[in-house]
Amino acid sequence: QTGINENLYYFVPFGLATSKLGKRIKLNSGEPASIAIARDGKTAYVVSQSSSKVIAVTPVDLTTLKAEKPINVSTKPLPTKGYYGQPLAIAIAPDGITAYVADGALNTVTPIDLATDTPGKPISLSGQVGADAIAISTNGAAAYVANQPSSTVTPIDLATNTAEKPIKIGSGWDSGFEAIVTVP
């Protein structure tokens, strides 16, 4: 048998105070790539991509340690040219209302309404390639997406969900960045 067995992927909580692994929580949505914790600490959002290339976010109730129904973010076919693997990242706005999923294959950022678990219209990253990471400003006005192979950071105005002009920060794969953070 070939292909990925979707039943082998788990989310494992880790107790910082105890330095112990928690109970494995089975994910039915594919290989985990990134995680964000809701502000109230009650829900983890795990972004993953399945072998059938469905990109999903699985809410995990951290009280019951149960995975909830995955939110399908994209079922669009992956491009055959210019595909840079599976960089997927997630960040939650400071108000806790919206999560944003960066998809390096489709070069988009998709907002998700966390109250309804509904994905919004994907935001195009204006021809940039390989969204590897996403961070949201502390005031919630902007998101910043690191595009590793493009060596750029794309600001997104979150009031309009519009990508702005990318900022060049390096030159190609050797620019060495795959993460981005914001500070107050």
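Above this text sits the structure in question.
Residues numbered from 1 in each chain as written. Predicted model: local features only at pLDDT ≥ 70, side-chain atom pairs only at ≥ 80, totals over all residues. Heavy atoms only, no water.

Novice: How should the overall build of the chain be read in this particular structure?
Specialist: Within the chain, the secondary structure is distributed over 0 helices and 19 strands. A burial count over the chain gives 45% of its 184 residues as buried. Counted over contacts in the chain with a minimum sequence separation of 6, partners at least 24 positions apart contribute 36%. Carbon and sulfur atoms make up 53% of the accessible area of the chain, which amounts to about 9,800 Å² in all. (Helix = DSSP H or I, 4+ residues; strand = E, 2+ residues; numbered from the N terminus. Buried < 20%, exposed > 50% of the residue type's maximum accessible area, 1.4 Å probe, protein only. Contact = heavy atoms within 4.5 Å. Areas by Shrake-Rupley, 256 points an atom, 1.4 Å probe, with all protein chains shown as cover.)

Novice: What am I meant to see in the side chain of T58 here?
Specialist: Examined against the element boundaries, T58 turns out to sit in strand β7 (residues 55-61). For T58, a relative accessible area of 1% corresponds to the buried category. In this view, T58 contacts L27, S29, A44, Y45, V46, A67, E68 and P70; residues no more than four positions away in its chain are not counted.

Novice: What is the right way to read the nonpolar core from this model?
Specialist: Note on soluble globular proteins: their nonpolar side chains tend to be buried together. Residues Y100, A102, V109, I134, I136, V145 and I156 are the most contacted members of the largest nonpolar core, which totals 16 residues. At 3 residues, the largest contribution of residues to this core is made by strand β15 (residues 131-136). Core analysis: the second largest hydrophobic core is formed by 15 residues, A38, I71, I92 and A99 among them. (Core = buried A, V, L, I, M, F, W, Y, C linked by side-chain atoms within 4.5 Å.)

Novice: Would you explain the environment of A67 in this entry?
Specialist: With respect to the helices and strands, the residue A67 is situated in strand β8 (residues 66-67). C-alpha of A67 to C-alpha of S29: the two residues are 38 residues apart in sequence and 10.0 Å apart in space. Those residues in contact with A67 that lie beyond four places of it in its chain are I25, K26, L27, T58, P59 and V60.

Novice: Can you walk me through the pairing of β7 in this structure?
Specialist: Residues in a regular strand point their side chains to alternate faces of the sheet. In terms of burial, β7 is a largely internal element, 6 of the 7 residues being buried. Judged from the 7 bridges that link them, strand β6 (residues 43-49) and β7 form a sheet pairing that is antiparallel. Residue pairing for β7: A44 is matched across the bridge by V60. Judged from the 3 bridges that link them, β7 and strand β9 (residues 71-74) form a sheet pairing that is antiparallel. Following the sheet pairing, I55 is matched in β9 by S74. As judged from the 2 bridges shared by β7 and β8, these two strands associate in the antiparallel manner. Within β8, the position partnered with D61 by the bridge is K66. Hairpin connection between β7 and β8: a loop of 4 residues separates the two successive antiparallel strands, and L65 in this loop has a positive phi of roughly 60°. (Pairing = 2+ DSSP bridges.)

Novice: What is the right way to read the pairing of strand β5 (residues 31-37) from this model?
Specialist: Two elements, β5 and β6, share 6 bridges in a ladder whose sense is antiparallel. Pairing of I35 across the sheet is with V46, part of β6. What sits between the antiparallel neighbours β5 and β6 is a turn of 5 residues, in which G41 has the positive phi angle 75°.

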